Amino acid sequence: MENSKSTCKLKAKFQLSGYKDVDKKTVVVGGMFPVHMRIASRDANTSRVPVSSGCEGFNFRTFRWTQTMLFAINEINKKTDLLPNTDLGYVIYDSCFTISKAVEGTLTYLTGQDEAVPNYRCGTGAPLAALVGAGGSDLSIATARILGLYHFPQVSYSSTCSALESKFQFPTFLRTIPNDKHQSTAIAQLVLHFGWTWVGTIAADDDYGKYGIKDFKEQVEEAGVCISFSETLPKVSSQEDIRRIAQTVVESTAKIIVVFSSDVDLSPLIFELLQHNVTNRTWIASEAWVTSALINQPGVNSVLGGTLGFGVKRADILGLQRHLLDLDPYANPLTEEFWETSFNCTLDYSKAVRGVPDGLCTGREPLAQLNNTYSDVSQLRITYSVYKAVYAVANALHNLEHCEAGQGPFVGGSCADITNFEPWQLMYYMKNVRFKVPHTDEEIYFEDGDVKGVYDIINWQVDSDGEISYVTVGYYNGSAAPEDRMTIVNNSIVWNNDMLEPPRSVCSDNCMPGTRKGIRQGEPVCCFDCIPCADGEISNSTNARACILCSYEDWSNEAHDTCVPKIIEFLAFGEPLGITLIAISAFGALVTIGVGVVFVVHLDTPLVKANDALLSFSLLFSLVVTFLCSIVFLGKPRHWSCMTSQVALALGFALCLSSLIGKAAVLMLRARALKRTRIRAKAAAKAAKLAAAEAAEAAANGGTHDVIVTNTFNNADANNACDNPEVDSLTFAHQRAIAAVATLIQAVACTVWLILIPPHPIENTSTQNIKIILECDEGSIVFICCIFGYDILLALLAFIFAFIARKLEDHFSEAKSVTFSMLVFFIVWISFVPAYLSTRGKFMVAVQIFAILASSFGLLACIFLPKCYIILVKPEHNREEMMRPRAKPRDGTSTGTSASLATAATEVNATIASTAIDD
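**Regarding helix α21 (residues 781-804)**
Step number 1: The end-to-end C-alpha separation of α21 is 34 Å, in line with the 34 Å expected for 24 residues at 1.5 Å each.
Step number 2: Those residues of α21 that sit buried are Ile784, Ile787, Tyr790, Asp791, Leu794, Ala795, Ala798, Phe799 and Ala802.

Okay, here's the thing in structure tokens:
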């Protein structure tokens, strides 16, 4: 025993302040309140026994909470319907808003005396009921870990941290203030309600701030909100950290700042922001500071005006204000300090002599005139929570006291003794208590230690006196259905700088329909660029993450927010261009038919008979075909029109060009025959002249003898040289055969084309994005090139033949006409190729039709216009003699036409005879 006593030492003596009334009490209720804001600076001297630090920074608001507990206990002790036979005592400690002080108070409370002896309850006083406290979440977590070891009930009035909901860690913790999970959800819904996506966060460096902001971030980030910055307020005030956080707020583009902090931790930052004149931010307040007088100091309305926050349920407590004002300044050291702080004087005469600013207090100063947060009962929210916590303990004790033997909750139906019960027995009644709060009739009960998450949405509005007033603009009920939880009246909110419209807080403006969000590398997802949708893509919602591709039949409108049907384009019959082309084609066909009629009427004239009339009519027929086939290119492409247009064009030109080849071939052969005849005639004439000259010379040398000159030119040889040029080596039959065979080759090629890979209509969506061009697909580029390449080959042959025969010219030259017509044909189609390739849609068809019409008109004009002119305007030239050769030019060259070839031999003989006579 002596050894035991010798080893039992008191290691430390705690320096605690508070209220205590336990004498002759039945049950003692504990309380813990952060009456002071911090502990005084510690003495670092280790050369003497350490002493627990004192506290400083008196807090009027939390002192009101302390007085509310005293008021509630006194009120309960006077009641006859609640614990009528039990007198409640109390032990209340000041936690100084510090964990170490809260732990000191807890150990002292459990021990039952000023010296803390862990695991022991020293003394024989009244049993301890429960602890009301300990203030902030950090303090309650520390005390709850200790109290939980002994299954000692703890009822908190302001510890909202969601970590305290764990019954594994904190089995005996209850609270009369909602869990922060409700508040975090409420703030997240508020942010989403106003469409804010760029938000800054500030949290106290404790569990309350960290868990509250963590839950908030998780919810808003899942909904697409980005956090601009996230700062932590130091628990031990650091001016350097405060300046850094203030600079972050100033530099951030976020207009909304969510703050989970107590008023004590936040106040240094607010006063620093006043120095920076930050006036364009909207603050979202947690319940710990939303109605705090410590924050709501004169001048802060420029920074905090328009603040929105969530406050716990408010109530009026009848008789509380009278209790607060009837304070005896000499009753307790805390009360004495409160009095001296309030009136800036001292109740201690010795201190007054040493020069306290306002001198000695009388103790009769009127508290009602202070007009400070202590006596302000207009916003009793945490105060009301304290009131409910005390009544929760009292009602649990009442149920314990009135337990009927044999019907109790413990083993064998036993009940607990109100004068000697264990903490765990009271804990049973605490968890199951259900009561109505006096004066408000609010029903209180615990669900896993928590109460319902009900909040008022409070707006800080500047009144006519320039003071901030707390205006309720909505409500939040965490127990309601998700869509009914928040009720907020938007038009009743006054925002920062007295704006009536909610502020916009976005990193990037919303991307309107027609654009999509383009994420910026290395930046939050809320910071993006609005990229216009590409052609053919749309977005029909705000902030679309991707554009939607329109179907191949649709295209995006100009705003890129709707898919509209593509324009169906083809060269229609009824549009002005189509009507013009039809008129030109019909005119060309009629003119061609008219030429044919003229030829039929004058079929027996020399000019018409000069070449095969049948070839002329086949040529006219082919031109009618080419004129009319251009009309088939118009209108909506069909299978028959695609095949007909290309084939008719190919065959029409094949017949036309092959007919010209037949004509040009004859002209070429006649020109070559005439050339040979002329050469022989010139040679004969030269020989005859030379012989005559020799005879004349001989006669002169021989005297008077008559000399008979014999024509050494053999007439028979001359006739043989002429070789009867009236007879062509290519007859009309040959010409017709050439035209027929050349056309037949094209017809066979076209037939193979139509059988194997025929042209067909298609919807071309790749050439022009905004249009569906209805056009004909040729089926095979090889076939189309071969077919029209064949026509070009025919044109080239006709040109060569006609060019060789171009000197067959007297009064009329058909070879020149064919030559010029082929030149026009080539010029038209050479010009057509680049024009065709550079156009799309109906204009490409129009270009092709213009080329067909131009080449057809060129052939018609060059070949038949001169003939029609002679037939109709100069009929006197349409005679046989006009078809004969003109006078021989001086250079000795001679030309002719097909009609003049019949007199070629006569001309040669006459020339020879004339030369002989002259000589």
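Picking up where we left off.
**Some details on the packing of aromatic side chains**
Step number 1: On inspection of all chains with the given rule, the structure shows 35 aromatic pairs.
Step number 2: With a centroid separation of 4.8 Å and 25° between ring planes, the pair formed by phenylalanine 63 and phenylalanine 338 is classed as stacked. Placement of phenylalanine 63 in helix α2 (residues 60-78) and of phenylalanine 338 in helix α11 (residues 333-343) is noted, with a sequence separation of 275 residues between them. A single burial state applies to phenylalanine 63 and to phenylalanine 338, both of which are buried.
Step number 3: Centre to centre, the rings of phenylalanine 599 and phenylalanine 864 are 5.5 Å apart; their planes meet at 75°, and the pair counts as edge-to-face. Placement of the pair is phenylalanine 599 in helix α15 (residues 576-601) and phenylalanine 864 in helix α23 (residues 842-873), with a sequence separation of 265 residues.
Step number 4: Aromatic rings pair up to connect Phe653, Phe799, Phe803, Phe825, Phe826, Trp829 and Phe832 into one cluster.
Step number 5: The cationic tip of arginine 434 hangs over the ring face of tyrosine 445; the distance from NZ or CZ to the ring centre is 4.1 Å.

**Some points on the state of the cysteines**
Step number 1: For the structure shown, the criterion picks out nine disulfides.
Step number 2: For cysteine 226, the disulfide goes to cysteine 526, at an S-S distance of 2.1 Å. Between cysteine 226 and cysteine 526, the S-S torsion sits near 90°, and that sign places the bridge as right-handed. Here cysteine 226 is found in strand β10 (residues 226-233), whereas its partner cysteine 526 is found in the loop between β19 (515-519) and β20 (528-532), with 300 residues between them in sequence.
Step number 3: On the accessibility criterion, cysteine 226 (5% relative accessible area) is buried.
Step number 4: In this structure cysteine 526 comes out as buried when scored by relative accessible area, which is 4%.
Step number 5: Residue cysteine 345 pairs covalently with cysteine 361 via a disulfide, S to S 1.4 Å. Of note, the bridge from cysteine 345 to cysteine 361 carries an S-S torsion of about 95° and is right-handed in sense.

**Considering the confidence of the model for the protein chain**
Step number 1: Mean pLDDT for the protein chain: 83, with 86% of residues reaching 70 or above.
Step number 2: Confidence drops under a pLDDT of 50 for residues 1-6, and excluding neighbours within four residues, the segment shows zero contacts in the predicted structure.
Step number 3: Between residues 703-727, whose pLDDT stays under 50, and residues either more than four places distant or in other chains, the model counts 20 contacts.

**With respect to the side chain of arginine 64**
Step number 1: The residue arginine 64 is located in helix α2 in this model.
Step number 2: The side chain of arginine 64 sits in the buried core without any salt bridge; aspartate 376 is the nearest counter-charge, 5.9 Å away.
Step number 3: A distance of 2.3 Å separates the side chain of arginine 64 from the backbone oxygen of threonine 373, its partner in a polar contact.
Step number 4: One polar contact links the side chain of arginine 64 to the main-chain carbonyl oxygen of aspartate 376, over a distance of 3.2 Å.
Step number 5: Excluding its chain neighbours within four sequence positions, the residues that come into contact with arginine 64 are Leu324, Thr373, Tyr374, Asp376, Gln379, Leu380 and Thr383.

**What to know about helix α22 (residues 814-837)**
Step number 1: For α22, with 24 residues, the first-to-last C-alpha span of 35 Å sits near the 34 Å given by 1.5 Å per residue.
Step number 2: Three or more residues of α22 are buried, namely Glu814, Ala815, Ser817, Val818, Thr819, Ser821, Met822, Phe825, Phe826, Val828, Trp829 and Phe832.

**Focus on the sheet that holds strand β13 (residues 308-312)**
Step number 1: Read from one edge of the open sheet, eight strands run β10-β9-β11-β12-β13-β16-β17-β18, paired in mixed fashion. With one partner strand each, in any of the chains shown, β10 and β18 (486-488) form the two edges of the open sheet. Averaged over all adjacent pairs, the angle separating strand axes in this sheet is 25°, with direction ignored.
Step number 2: Alignment of β13 against strand β16 (residues 454-462), held across five bridges, turns out to be antiparallel. Each residue of the ladder has a partner; that of glycine 309, found in β16, is isoleucine 458.
Step number 3: Strands β9 (198-204), β10, β11 (256-260) and β12 (282-285) of the sheet are contacted by helix α7 (residues 239-251), whose axis makes an angle of about 165° with β10.

**As for the sheet that holds strand β2 (residues 27-33)**
Step number 1: Read from one edge of the open sheet, six strands run β1-β5-β2-β6-β7-β8, paired in mixed fashion. Two strands close off the open sheet at either side, each with one partner strand: β1 (18-21) and β8 (173-175). Strand-to-strand twist of the sheet, defined as the mean angle between neighbouring strand axes without regard to direction, takes the value 25°.
Step number 2: Sheet topology note: the β1/strand β5 (residues 88-94) ladder contains four bridges and is antiparallel. Within β5, the residue paired with lysine 20 across the bridge is valine 91.

**A look at a nonpolar patch on the surface**
Step number 1: The grouping of Leu744, Val748, Val752, Ile755, Leu756 and Ile757 at the surface amounts to a nonpolar patch, some 550 Å² of accessible area in total.
Step number 2: Along the chain, the position of valine 748 falls in helix α20 (residues 732-756).

**A look at the packing of helix α13 (residues 382-401) against helix α14 (residues 423-431)**
Step number 1: Viewed as axis vectors pointing N to C, α13 and α14 meet at an angle of 110°, and their least axial separation amounts to 8 Å. Taken together, α13 and α14 sit at an angle that is classed as roughly perpendicular. When you trace α13 past α14, the crossing you get is right-handed. Here α13 contributes Ala392, Val393, Ala396, Leu397, Asn399 and Leu400 to the contact with α14, which in turn contributes Gln425, Leu426, Tyr429 and Met430.

**Quick word on the layout of surface pockets**
Step number 1: One number sums up the size of the largest pocket: a volume of about 1,000 Å³.
Step number 2: At the level of secondary structure, the elements contributing two or more residues to the lining of the largest pocket comprise α18 (639-702), β26 (760-764), β27 (771-777), α21, α22 and α23.
Step number 3: The biggest single contributor to the lining of the largest pocket is α22, with eight residues.

Basis of the calculations
- Residues numbered from 1 in each chain as written.
- Predicted model: local features only at pLDDT ≥ 70, side-chain atom pairs only at ≥ 80, totals over all residues.
- Heavy atoms only, no water.
- Helix = DSSP H or I, 4+ residues; strand = E, 2+ residues; numbered from the N terminus.
- Expected span 1.5 Å × (residues − 1).
- Buried < 20%, exposed > 50% of the residue type's maximum accessible area, 1.4 Å probe, protein only.
- Phe/Tyr/Trp six-rings, centres within 6.5 Å; stacked < 30°, edge-to-face > 60°.
- Lys NZ or Arg CZ within 6 Å of the ring centre and 35° of its normal.
- Disulfide = S-S within 2.5 Å.
- pLDDT = per-residue confidence, 0-100.
- Contact = heavy atoms within 4.5 Å.
- Lys, Arg positive; Asp, Glu negative; His and termini not counted.
- Salt bridge = Lys/Arg side-chain N within 4 Å of Asp/Glu carboxyl O.
- Polar contact = N/O pair within 3.5 Å; in protein donor to acceptor, adjacent residues only side chain to side chain.
- Pairing = 2+ DSSP bridges.
- Axes fitted to C-alpha atoms, helices over the stretch in contact; angles between N-to-C directions.
- Patch = residues over 30% accessible without salt bridge, like charges linked within 9 Å, V, L, I, M, F, W, Y side chains within 5 Å.
- Areas by Shrake-Rupley, 256 points an atom, 1.4 Å probe, with all protein chains shown as cover.
- Parallel < 35°, antiparallel > 145°, perpendicular 65-115°, else oblique.
- Left-handed = near helix turned anticlockwise from the far one by under 90°.
- 1 Å grid on protein atoms, 1.4 Å probe; cavity = no way out; pocket = protein on both sides within 12 Å on 5 of 7 lines; lining within 4 Å.
- Points joined across faces, edges and corners; volume = space filled by probe spheres on them.

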